[in-house]
Amino acid sequence: MPELPEVETIARKLASVLTGQTIVHVEVLWERTIARPTPDAFRTKLVGAGVLEVGRRGKYIQTTLSTGQTLLVHLRMSGKFVVSTDGPGDDRHARLRLHLADGTWVVYVDPRKFGRFYLVDDPCEVTGTLGPEPLSADFTAEWLTAQLARRRGEIKRLLLDQRFIAGLGNIYVSEALWQAGIHPQRAAESLTPAEAQRLHAAIVTVLHEAVADGGTSLADRQYVYPDGGLGQHQAHLHVYDRAGERCPRCGYTVERIVQGQRSTYFCPVCQTER
DNA sequence: CAACCGACCTGTTCGC
DNA sequence: TGCGAACAGGTCGGTT
């Protein structure tokens with residue numbers, strides 16, 4: 001579920017809880033939550049580890065440990081963290097629990113069981129195939145223009161490919177294409193340099209604004225942060241999940257189509273086919 | 001490569 | 001009210 005802005009928000013909140021702490025106890029409640037190493041090795045290597053730093057790469061939360069290893073978490077569709085100072089709780093969807101030296105519990109909750117933890121020597125084992133960070137200096141309009149010219153697929157689907165750019169997901173791709181005025185079914189290579197430039201600016205702007213809002217919490221999907229808070233960006237979405245409503249720019253009706261078995265929302269007037 | 005499919009999972013909403 | 005279908009912020013692996 002979470003995309004870059006939500007993962008960034010979660011990583012910041014977790015950083016304030018975990019940084020400087022020592023993990024004293026690990027409970028794995030759903031073994032497949034641990035992608036690698038084995039659940040037993042994961043527990044053994046994590047107990048006693050201190051947390052030096054918590055950050056983000058793409059949609060991964062990345063935690064540097066005193067043991068030299070790195071703990072990475074991908075929340076996929078329904079993963080979330082819950083922090084508690086009075087006991088481990090009893091959420092039926094809890095998949096992993098970390099007990100910290102000061103008594104705090106950090107509980108990983110994931111109804112759909114898609115999320116995965118990785119404990120590795122080198123984070124590149126997990127994040128090495130990711131494309132550039134869209135909010136870093138690596139991501140430039142020139143780079144995007146040159147890359148798009150060599151890709152034949154639909155622009156919407158390309159932007160969801162984490163090997164191309166890391167961190168965009170279904171919400172922010174729809175929003176960025178709307179912002180740039182580009183139809184989601186356009187072939188990537190058909191974008192003009194001016195359009196590529198607009199798309200670059202739109203991606204950066206949309207992500208910056210969403211991070212500033214603490215991400216998006218769609219009401220019916222109960223997206224909650226480690227401290228129980230909600231993001232605020234849902235109030236500022238222009239097209240995502242708004243099929244049948246008016247385009248805020250031109251007033252025409254927002255449409256929903258399916259690309260790659262996933263919903264895309266766009267304005268057929270503002271986002272032209274060619 | 002690309003397009004397309006199912007798989008991984010459970011919960012909620014929608015349509016009849 | 002009930003029940004199945006559709007849908008959900010993600011990714012991987014397989015086939016054509």
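With reference to specific residues and values, describe the sheet that holds strand β4 (residues 60-65).
Pairing within the open sheet is mixed, and its five strands lie in the order β2-β9-β5-β4-β3. Among the strands making up the open sheet, the edge pair consists of β2 (34-36) and β3 (51-57). Pairwise comparison of adjacent strand axes, ignoring direction, gives a mean angle of 20 degrees for this sheet. Both β2 and strand β9 (residues 116-120) contribute to a ladder of two bridges, which runs parallel. Bridge pairing in β9 links Arg 36 to Tyr 118. Across the sheet, helix α2 (residues 39-46) touches β2, β4, β5 (70-74) and β9, and the angle it forms with β9 is around 60 degrees.

Could you give me a rundown of the nonpolar core, with the residues and numbers involved?
Core analysis: the largest hydrophobic core is formed by 39 residues, its most contacted members being Leu 148, Ile 155, Leu 159, Ile 165, Leu 168, Leu 199 and Ile 203. Among the secondary structure elements, those contributing two or more residues to this core are α4 (141-148), α5 (155-160), α6 (170-180) and α7 (193-212). Here Leu 199 is in contact with Leu 144, Leu 148, Ile 155, Leu 159, Ala 176, Leu 177, Ala 180, Ile 182 and Leu 191, once residues within four sequence places are set aside. Val 28, Leu 71, Val 106 and Leu 119 belong to the second-largest nonpolar core, a separate cluster that totals 29 residues.

Give me the lowdown on the protein's contact with DNA strand C, citing residues and values where you can.
As a structural note, the neighbourhood of DNA strand C is formed by 22 residues, with Met 1, Thr 216, Tyr 240, Arg 262 and Ser 263 the closest of them. Here Leu 218 contributes a backbone N or O atom positioned 3.3 Å from a base oxygen of DNA strand C. Within the side chain of Tyr 240, one N or O atom sits 2.5 Å away from a phosphate oxygen of DNA strand C. Elements supplying a minimum of two residues to the surface near DNA strand C: α6 and β11 (262-266). Grouping the constituent residues of the surface near DNA strand C by class yields eight nonpolar, six polar and eight charged.

Give a description of the domain arrangement of chain A that names residues and reports values.
On domain assignment, one finds that chain A holds domain 1 (4-127) and domain 2 (141-266). Counting each side, the surface lost to burial between domain 1 and domain 2 is near 1400 Å², with a carbon and sulfur contribution of 65%. When residues of domain 1 are sorted by the area they lose upon contact with domain 2, Pro 5, Glu 6 and Lys 13 head the list and together hold 35% of the total. Across the domain 1-domain 2 interface, the total number found is one salt bridge. Seen at the junction of domain 1 and domain 2, the total is six residue pairs in polar contact (both at pLDDT 80 or more). Put simply, the parts of the chain that give the side of domain 1 that touches domain 2 at least two residues each are α1 (4-18) and β6 (80-84). Residue composition of the side of domain 1 that touches domain 2, by class: seven nonpolar, two polar and seven charged.

Definitions and limits used
- Residues numbered from 1 in each chain as written.
- Chains lettered and ligands numbered in written order.
- Predicted model: local features only at pLDDT ≥ 70, side-chain atom pairs only at ≥ 80, totals over all residues.
- Heavy atoms only, no water.
- Pairing = 2+ DSSP bridges.
- Helix = DSSP H or I, 4+ residues; strand = E, 2+ residues; numbered from the N terminus.
- Axes fitted to C-alpha atoms, helices over the stretch in contact; angles between N-to-C directions.
- Contact = heavy atoms within 4.5 Å.
- Core = buried A, V, L, I, M, F, W, Y, C linked by side-chain atoms within 4.5 Å.
- Buried < 20%, exposed > 50% of the residue type's maximum accessible area, 1.4 Å probe, protein only.
- Near = heavy atom within 4 Å.
- Polar contact = N/O pair within 3.5 Å; in protein donor to acceptor, adjacent residues only side chain to side chain.
- Nonpolar A, V, L, I, M, F, W, Y, C, P; charged D, E, K, R; others polar.
- Domains from an automatic or database assignment.
- Buried area = accessible area lost by both parts, 1.4 Å probe.
- Salt bridge = Lys/Arg side-chain N within 4 Å of Asp/Glu carboxyl O.

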